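Geometric and topological summary
Here is how the chains run, residue by residue.
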Amino acid sequence: AEAEVQAFAGDSSQHRDAIRSSEKVLEAAEAAEERTTNLEEERARVQEEVGSLRYAVKDIKSFQHRRAQELDVQAKKLERTKRKLEDERATRARTEAASEAAEVASTAGQLRRLQQLNGLLTEQALEAQRELDGRALLQAELRAEHNELAASEAE
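1. Side note on the overall build of the chain
When you go through the chain residue by residue, the secondary structure sums to 1 helix and 0 strands. Radius of gyration (C-alpha) of the chain: 64 Å, far over the 15 Å computed for a compact globule of 155 residues. Each principal axis of the C-alpha atoms in the chain carries an extent, and together these give about 220 × 25 × 15 Å. Put simply, the chain has 155 residues, and 1% of those count as buried. Of the charged side chains in the chain, 25 are positive and 33 negative, and the gap between their average positions amounts to 5 Å.

2. A look at the pattern of salt bridges
Charged atoms that come close allow side chains of opposite charge to pair. Inspection of every chain in the model, using the stated rule, returns 6 salt bridges. We note a salt bridge from Glu 127 to Arg 130, for which the minimum N-O separation is 3.0 Å. Residue Glu 127 and its partner Arg 130 are both found in helix α1 (residues 2–154); the two are separated by 3 residues, about one turn of the helix. Taking the relative accessible area as the measure of exposure, Glu 127 reaches 43% and is therefore partly exposed. Sharing partners across several salt bridges, the network here consists of Glu 42, Arg 45 and Glu 49.

3. Notes on a negative patch on the surface
Side chains of Glu 23, Glu 27, Glu 30 and Glu 33 sit close together on the surface and give a patch of like negative charge. Residue placement: Glu 33 occurs in helix α1.

4. Regarding the environment of Leu 117
With respect to the helices and strands, Leu 117 occurs in helix α1. With relative accessibility at 43%, the residue Leu 117 sits in the partly exposed group. Remark: the alpha-carbon pair of Leu 117 and Ala 98, spanning 19 residues in sequence, is separated by 28 Å.

Thresholds applied
- Every chain is numbered independently, its residues counted from 1 as its sequence is written.
- Whole-chain, interface and lining totals are the exception, using all residues; otherwise, since this is a predicted model, local features are given only for residues with pLDDT of at least 70 and side-chain atom pairs are given and counted only at 80 or more.
- Side-chain metrics rest on all non-hydrogen atoms present in the structure, leaving aside hydrogens and water.
- Counting from the N terminus, the helices are DSSP H or I runs at least four residues long and the strands are E runs at least two residues long.
- It is over C-alpha atoms that the radius of gyration is taken, and the globule rule equals 2.2 Å times the number of residues to the power 0.38.
- Partly exposed residues are those whose accessible area sits between 20% and 50% of the maximum for their type, while under 20% is buried and over 50% is exposed, using a 1.4 Å probe and protein chains only.
- Positive residues here are Lys and Arg, negative ones are Asp and Glu, while His and the chain termini are left out of the count.
- A charge is said to be at NZ when it belongs to Lys, at CZ for Arg, at CG for Asp and at CD for Glu.
- What counts as a salt bridge is simple: a side-chain nitrogen of Lys or Arg found within 4 Å of a carboxyl oxygen of Asp or Glu.
- Distance thresholds for patches are 9 Å for like charges and 5 Å for nonpolar side chains (Val, Leu, Ile, Met, Phe, Trp, Tyr), applied to residues having over 30% relative accessible area and no salt bridge.
- The accessible surface values rely on the Shrake-Rupley method and a 1.4 Å probe; as for residues, cover is taken only from the protein chains in view.

Printed below as a string of structure tokens:
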């Protein structure tokens, strides 16, 4: 009986060791299960964050694409406006140059006409002066003649 008790005690000791070992394995399994649960939760959170980031990146790319298109349209519009202003400036410069050339030609023509008129007026003035000089001479001759006649009548 004592052998049975000792065998039972030995078995009991083995059972206790097995129970302790099982408890340790169970604790390790529970800890592993908790880590697995935590890792799965972390994985789900990370996947959700990755999904949000992908959506944000797509949204940013879409915004950037629209903005690039808007800027491209704006750049083309500014380029057209620039060409239009350059064309207007060139047209205005040609018009001003033509206007200045016409004004110079007109001024030159007026100058020639004025010079001709001046020559004509100078000629007329000289002719009038000669005529005045001739009349003065005639008047002097007539006075002398008048004086001679008056002197001959007085004798």
